[in-house]
Amino acid sequence: MDDVKSGEVIEEPATARPRLTVREEIVGYMQRNPTLPWGLWILVGLLLFSLFARLYVEDVEHYRPLSAGAFLSPSGEYPLGTDSHGRDLLAVNGLGVLNTLMLGLLAGLIGVGVATVLAFMAAYYGGWLDAVVRLVVDVGLTIPSLLIMVLIAIAVQGIDLWMMALVISSTSWLWPTRTIRSQVLTLKERAYVEVARLSGMRGIEIILKELVPNLLPFIIASLVTTTASAILASIGLEALGLGPPDDPTLGMTIHRVITYGGVIMGSWWWWLAPTILITLVFIALYLINLGTDELANPTLRRTA
Amino acid sequence: MTTAKYLVRRFTFLVLVVWSAATINFFLPRMSGRDPVRARLAAQAMKGVSIGKGIDKIVETYDKKFGLDVPLTQQYINYLGDLTRFDLGPSFSRYPMTVSQLIGATLPWTLGLLLTSTVFSFVFGSIFGALVAWPSTPDWVRSISPMFFAFSAIPYYLLGLFLLYFFAYTLKWFPGAGGYQLGTIPEPSLEFAIDVLKHSLLPAFSIILSSLGFWAIGMRGTMIMVEGLDYMTLAEAKGLKGRTILWKYGLRNALLPQITSFALSLGFVVSGAVLVEIVFAYPGIGLLLFNSIKQTDFPVIQGIVLTLIGAIATATLIIDVGLPFLDPRISRGDN
């Protein structure tokens, strides 16, 4: 166990560190990893935009077609203009950014939840269960997830936001299962797990009391990456036309721009706002991901 | 493990991947209780299309093919048998064209676009990444690097929207849609080739712009690692020219991990290209998928998904098997 590979969780030496309050701990972490607060601020900005949109439009229902004239360029009444079917695009984008984030987070939570259970069972108990999980993950990761989701989405009738999150979860558990499993494998050989086993703890107790708490930072970090790829997947599916037709999301807006030739007709406001919002979502999640690297791998901790 | 054993194992894995995809393909629609033939008929009826002889024939064909008189296991075996002959059945929306014909007509477009733009961005991205990591590179090269790294954070198709607006709508330098001028008949002439090239440039450019950074980041990382190795110091001590060291000692060795990451990102590259085609209405397999989804043409959708999965799995296999020949350091676990 002497050489520590990158990506492996190691224990902090118990002696060297002074005890810090939770608040000091968090502030210190943010200072060491400035990309984390940056990413969080962008997310807050996106939520504020959504709140602003909600307060500005007189009726939230204006995300529906025929709420206004078609192809209106931005004005005081419609700051982001309207689309080919007379949707107020401020209402669409305001709700859309919220829906897209929620969709991603939900699919991320389901994915990481399933992954955690499977990874712990597979890695701790090993045997045929581990072999099956490994094979399914290996096969699943060879196939582009967008294509699997296309197959599932066309089999589902009347897709809405919840169904969409389930469709994306069907593949979002694969990658975290692989990474969490390998983490559990390295952890379960540690001395303290051995001690727990010798002192008569049962398997499930060791998993819940010894392994899960130690891997919690890693699991949180993989939630960020899983959410980011879930959002990417949702926008891809929606652009293809497999999204929820009645719910405003950023991807559905892109889909309508493509279907009704919004770019080539010169309605720049139609595609520019969702494109910027999607890009901001990815930048925020990317920064948060960079910022949580230390959580997943404390060896990265700088001694400055 | 011997090479033969390795090949057998890898090939078994390939078959397993394609078989799993085919099985999902077969059972999912049956589990959901959504009858594709009926869904298609309903969609047609809603559009006010009279359901004519063609549709009746499709229903008949499908009843015979997946017939309820045959038990499910038999249907499944027949389906797998058809797949091995690339028989994916007829299309719903473009009957009597078969799915294989439709895919065959669009695949060359996708392959042409994807191959050229991927090779281009791989080569130039890798060289760019190596230059960024090389100490004696002029500063201006390094100063444009953040731009490409930023582009790589934006999905291909969103960048495509920008390019479409500026170069096709505002500046009118390039056509905004299609693979060739409407009204022309595809023929092997120079004029037609130039027309196709003009139509492919914007979609290719959006793939290149956003994937250049991806290859550059990977290459930069390996280059920095390679620069620290002993043989680089030795090459310098021997008094070799900087350019020789960069190209023959550094770049060649750092390129190999790039090929591995290429194999790993193949699926990502393909799904990105599918979406780019939609933005530019480029007549490849992605646009066919988009239109088939719009027309609820289930056999075509499933055929495309299976074809792409098969192609990606095969390409990954070829890279995996070929890599040890390129790089003797990679062993297949022979002991």
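Preceding block: the structure.
A.B. asks: Would you take a moment to explain the nonpolar core for this structure?
C.D. replies: For soluble globular proteins, the rule of thumb is that nonpolar side chains tend to be buried together. By size, the foremost hydrophobic cluster in this structure holds 125 residues, and its most contacted members are Leu237(A) and Leu240(A). Per-element accounting of this core gives the leading share, 12 residues, to helix H13 (residues 298–326) of chain B. Those residues within four positions of Leu240(A) in sequence are excluded, and the remaining contacts are Leu146(A), Val150(A), His255(A), Val274(B), Leu275(B), Ile278(B), Leu289(B), Phe290(B) and Ile293(B). Listed in part, the 26 residues of the second largest apolar core include Ala119(A), Ala123(A), Val137(A) and Ala221(A).

A.B. asks: Can you walk me through the interface of chain A and chain B in this structure?
C.D. replies: Where interface size is quoted, it is often the accessible area lost as the parts come together. Between chain A and chain B, the contact holds 38 residues from the first and 41 residues from the second. Across the interface of chain A and chain B, roughly 3500 Å² is buried in total on both sides, 86% from carbon and sulfur atoms. At the boundary of chain A with chain B, the tally comes to 0 salt bridges. Summed over the shared surface of chain A and chain B, the number is 0 residue pairs in polar contact (both at pLDDT 80 or more).

A.B. asks: Would you explain the environment of Leu242(A) in this entry?
C.D. replies: Within the secondary structure layout, Leu242(A) lies in the loop between helix H9 (203–240) and helix H10 (250–259). Relative accessible area serves as the criterion here: at 8%, Leu242(A) is assigned to the buried category. Along the backbone, Leu242(A) and Met149(A) are 93 residues apart, and their C-alpha atoms lie at a distance of 9.4 Å. For Leu242(A), the residues in contact, after removing those within four places along its chain, are Val150(A), Ala153(A), Ile154(A), Ile159(A), Met164(A), Leu237(A) and Ile293(B).

A.B. asks: I would appreciate a short explanation of the side chain of Thr279(A) in the present structure.
C.D. replies: Mapped onto the fold, Thr279(A) is located in helix H11 (residues 268–291). Here the side chain of Thr279(A) touches Thr275(A) through a polar contact of 2.7 Å, landing on its backbone oxygen.

A.B. asks: I tried to follow the environment of Arg256(A) on my own but got confused; where do I start?
C.D. replies: Residue and element names in this part refer to chain A. For arginine 256, the location among the structural elements is in helix H10. Here the alpha-carbon distance between arginine 256 and histidine 85, two residues 171 residues apart in the chain, equals 9.7 Å. Among all residues touching arginine 256, those that are not within four sequence positions of it are Asp83, Arg87, Pro245 and Trp270.

A.B. asks: Which parts of the structure should I look at to understand a nonpolar patch on the surface?
C.D. replies: Residues and elements named next belong to chain A. A contiguous nonpolar patch, built from Trp41, Val44, Leu48, Leu51 and Leu55 and spanning about 570 Å² of accessible area, is present on the exposed surface. The residue valine 44 is located in helix H2 (residues 35–56) in this model. Here valine 44 falls in the partly exposed class, since its relative accessible area comes to 37%.

A.B. asks: Please clarify how the packing of aromatic side chains should be interpreted in this entry.
C.D. replies: If you walk through the whole model with that rule in mind, you get 20 aromatic pairs over all chains. Considering the side-chain rings of Phe167(B) and Trp173(B), the 5.7 Å spacing of their centres and the 40° angle between planes classify their relative orientation as tilted. Owing to a relative accessible area of 21%, Phe167(B) belongs among the partly exposed residues under this scheme. For Trp173(B), a relative accessible area of 54% translates into the label exposed. Of the aromatic side chains, those joined through ring pairs into one cluster are Trp271(A), Phe162(B), Tyr165(B), Phe166(B) and Tyr169(B). Taking NZ or CZ as reference, Lys172(B) lies 5.1 Å from the ring centre of Tyr169(B), over its face.

The rules behind each value
- Residues numbered from 1 in each chain as written.
- Chains lettered and ligands numbered in written order.
- Predicted model: local features only at pLDDT ≥ 70, side-chain atom pairs only at ≥ 80, totals over all residues.
- Heavy atoms only, no water.
- Core = buried A, V, L, I, M, F, W, Y, C linked by side-chain atoms within 4.5 Å.
- Buried < 20%, exposed > 50% of the residue type's maximum accessible area, 1.4 Å probe, protein only.
- Helix = DSSP H or I, 4+ residues; strand = E, 2+ residues; numbered from the N terminus.
- Contact = heavy atoms within 4.5 Å.
- Buried area = accessible area lost by both parts, 1.4 Å probe.
- Salt bridge = Lys/Arg side-chain N within 4 Å of Asp/Glu carboxyl O.
- Polar contact = N/O pair within 3.5 Å; in protein donor to acceptor, adjacent residues only side chain to side chain.
- Patch = residues over 30% accessible without salt bridge, like charges linked within 9 Å, V, L, I, M, F, W, Y side chains within 5 Å.
- Areas by Shrake-Rupley, 256 points an atom, 1.4 Å probe, with all protein chains shown as cover.
- Phe/Tyr/Trp six-rings, centres within 6.5 Å; stacked < 30°, edge-to-face > 60°.
- Lys NZ or Arg CZ within 6 Å of the ring centre and 35° of its normal.

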